[in-house]
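So you can see what is in the structure, the chains are spelled out below.
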Amino acid sequence: MVQLWYRNATCHIIGGLFLIGEDMVSKYCQSCKGTDNLKANSKQTLKDGTQKTYYLCRDCNTVLKRRYRKTQHGKAVTYGAIRRSQERTRNKVRARRMVMHHIQNGNIRKPDNCSRCPNENVEAHHEDYSYALDVIWLCRRCHADLHAKVGKLHKTAI
Ligand SMILES: [Zn+2]
Ligand SMILES: [Zn+2]
Ligand SMILES: [Zn+2]
């Protein structure tokens, strides 16, 4: 008979045999062995090529993540993320300032119309803030459209 701890497992009946889906059996928290609020935590490819997903429950995940952040490696990763985000902000500010400066100097002419539609009142869109003068001129609507597609890159008009 099917044992109690298999009760969450999917059973396939093939030729009268119960075959238990292995991935279902291993669906419990790696830390506390609980089965509630599981989050897929990591995927590993076993030697025979099959993929195994490890799970952590929400609470253990929080605890382990907090503990990881205190380790040498965790600190380095966190620090790297902060530094990258600061660098992005710096590039953004710099790019915006440069565009503004060049518009005032007359080196860059702000076009009258959006590059995608006939609308006026264009805003500068940067694909990449590290290329400060690489801007695409878009009206507010096209700009918002683009951001809805590519994600939130910046909040302001330039
Ligand atoms: Zn747990
Ligand atoms: Zn437009
Ligand atoms: Zn933009």
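If you're wondering where the values come from, they're calculated on a predicted model, not measured in any experiment.

**Q** Describe the overall build of the chain, naming the residues involved and giving the relevant values.
**A** Helix and strand content of the chain: 4 helices and 6 strands. When the helices and strands of the chain are read in sequence order from the N terminus, they spell out β-β-α-β-β-α-α-β-β-α. Counting every position in the chain, which comprises 158 residues, the buried fraction comes to 9%. Restricting the contact set of the chain to residue pairs at least 6 apart, pairs at least 24 apart contribute 35%.

**Q** An account of the confidence of the model for the chain is requested, with residue identities and associated values reported.
**A** Model confidence for the chain is summarised by a mean pLDDT of 81, while 78% of its residues fall at 70 or above. Looking over the chain, one finds the lowest element-wise mean pLDDT in strand E1 (residues 11–14), namely 41, and the highest in strand E6 (residues 135–139), namely 93. Segment residues 1–23 is flagged for pLDDT under 50; beyond a separation of four residues in sequence, or across chains, it makes 20 contacts in the model.

**Q** Break down the packing of helix H2 (residues 58–70) against helix H3 (residues 72–105) for me, citing the residues and quoting the values.
**A** Here H2 crosses H3 at 85°, and the two axes come no closer than 5 Å. When the axes of H2 and H3 are compared, the pair comes out roughly perpendicular. Residue-level inspection shows Tyr68, Arg69 and Lys70 of H2 in contact with H3, the latter providing Gly74, Lys75 and Thr78. Residue classes in the contact of H2 with H3 are distributed as 1 nonpolar, 2 polar and 3 charged.

**Q** Break down the environment of aspartate 36 for me, citing the residues and quoting the values.
**A** Among the structural elements, aspartate 36 can be located in the loop between helix H1 (22–25) and strand E3 (38–45). According to the C-beta neighbour criterion, aspartate 36 is exposed, with 10 such atoms within 10 Å.

**Q** For unusual backbone geometry, give the residues involved together with the corresponding values.
**A** Of note, lysine 33 is a non-glycine position whose phi angle comes to about 65°, a positive value. Residue position: lysine 33 is located in the loop between H1 and E3. Even without a glycine there, the phi angle at asparagine 37 is positive, about 50°. Along the chain, the position of asparagine 37 falls in the loop between H1 and E3.

**Q** Lay out the pairing of E3 in plain terms, naming residues and giving numbers.
**A** The buried fraction of E3 amounts to 0 of the 8 residues, a small share that puts the element mostly on the outside. Where E3 meets strand E4 (residues 51–57), 7 bridges bridge the pair, whose relative direction is antiparallel. Counterpart to lysine 39 in the pairing with E4 is leucine 56. Linkage of E3 to E4, two consecutive antiparallel strands, is achieved through a turn of 5 residues, within which glycine 49 is found at a positive phi near 90°.

What counts, and where the lines are drawn
- Residues numbered from 1 in each chain as written.
- Chains lettered and ligands numbered in written order.
- Predicted model: local features only at pLDDT ≥ 70, side-chain atom pairs only at ≥ 80, totals over all residues.
- Helix = DSSP H or I, 4+ residues; strand = E, 2+ residues; numbered from the N terminus.
- Buried ≥ 20, exposed ≤ 12 C-beta atoms within 10 Å, placed from the backbone.
- Contact = placed C-beta atoms within 7 Å.
- pLDDT = per-residue confidence, 0-100.
- Axes fitted to C-alpha atoms, helices over the stretch in contact; angles between N-to-C directions.
- Parallel < 35°, antiparallel > 145°, perpendicular 65-115°, else oblique.
- Nonpolar A, V, L, I, M, F, W, Y, C, P; charged D, E, K, R; others polar.
- Pairing = 2+ DSSP bridges.

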